[in-house]
Amino acid sequence: KMALELQEGNYLAESKIVFHKFDMKDTIHSPVYVTAIVNNLERNEFIAEIALRSKLVTAISVTQIKHAEILSNLTGYLLFHGQESKKAKMAIREGLKAGDIPGVVATSILTASADYPPLKRFIDASAGRSRNAVIQKKGRALRLYEGELAEYHGIMDEFNDVYRNNARDCVSHFEKEGWVVEYE
C-alpha cells in the first residue's frame, strides 16, 4: 500500500493517525459551520487540550481566520495566515524549524506551502472533506521528520451527521492508503 511504500522509501515518517470523537453535551445546535465549528467553545477547548497535551511542535489547521484567532487564544500558539508579510512568513518558518515556536494555528497557507518544515503534530480542526485538502494536510503532517513518529489528528464530530460523515471520508482515505487509524 502507498503508506508503507512511502515510509520504506524514507519519504514519510512512521506515523500515527488519530481521530478524536467529539460529541457535544448539548445536542441543540445550529447546523451552520460558524456556530457548530468556529464558535463552538466546547469543541475548541477540546482541540486545545489535544494540542497542549505534550510539547510537540504543532500546527492546527482551520479554514477561517476567526477560528484561528479563537484557537490561538486558547492555546497561546501563533496565529498564521496568508496575509503575513514575506519577512513574517520566513520568521515563522525558521521558528518552527528551530523549535522556538511551539505551535501555530493556521489557515490554508501552511498546508499549501511546500517550504515549511515538517511538523511533529498536525491537528485538522476544520471539519472539511475536500480530497485535495486531506492530501495536502496529510502531506504536511506526515513528511519525514528526522525519522521520528509524526501525528495527524482529525476531529470526528459526533454531534452532526454531515461533519461526522466528512470525518469518516477522511478516515476512509487514510485506510485505503494503508494507514492504521486510531480512535480516542
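This is a predicted model, so every value here is computed, not measured.

> Sorry if this is basic, but what is going on with helix α5 (residues 86-98) here?
Residues that lie three or four places apart on an α-helix share one face, since the helix turns once every 3.6 residues. With 13 residues, α5 ought to run about 18 Å at 1.5 Å a step, and its terminal C-alpha atoms sit 18 Å apart, in line with that. Within α5 the residues assigned to the buried category are Lys89, Ile92, Arg93, Gly95 and Leu96. Seen end-on, α5 carries its buried residues on one side only, within an arc spanning 165 degrees. Away from the buried face of α5 by more than 90 degrees, exposed residues Lys86, Lys87, Lys97 and Ala98 are located. After α5 finishes, the residue glycine 99 shows a positive phi value of roughly 80 degrees.

> Help me understand the side chain of arginine 43 in this model?
Considering the arrangement of structural elements, one finds arginine 43 in helix α3 (residues 41-52). Beyond its immediate chain neighbours, meaning those up to four positions away, arginine 43 contacts Phe22, Ala36, Ile37, His67, Ala125, Ala127, Ile155, Asp157 and Phe159.

> Help me out: how do you make sense of the pairing of strand β4 (residues 103-106) in this one?
Within a regular strand, the side chains alternate between the two sheet faces. The alternating pattern of β4 places Gly103 and Val105 and Val104 and Ala106 on opposite faces, both of which are buried. Of the strand pairs in this sheet, strand β2 (residues 58-61) and β4 are connected by four bridges, and their pairing is parallel. Paired with threonine 58 across the two strands is glycine 103, which belongs to β4. Bridge count between strand β3 (residues 78-80) and β4: three bridges; the pairing is parallel. Paired with phenylalanine 80 across the bridge in β4 is alanine 106. Handedness of the crossover joining β3 and β4 through α5: right-handed.

Cut-off values and rules
- Residues numbered from 1 in each chain as written.
- Predicted model: local features only at pLDDT ≥ 70, side-chain atom pairs only at ≥ 80, totals over all residues.
- Heavy atoms only, no water.
- Helix = DSSP H or I, 4+ residues; strand = E, 2+ residues; numbered from the N terminus.
- Expected span 1.5 Å × (residues − 1).
- Buried < 20%, exposed > 50% of the residue type's maximum accessible area, 1.4 Å probe, protein only.
- Arc of directions from axis to C-beta.
- Contact = heavy atoms within 4.5 Å.
- Pairing = 2+ DSSP bridges.
- Right-handed = clockwise from strand over helix to strand, strands pointing away.

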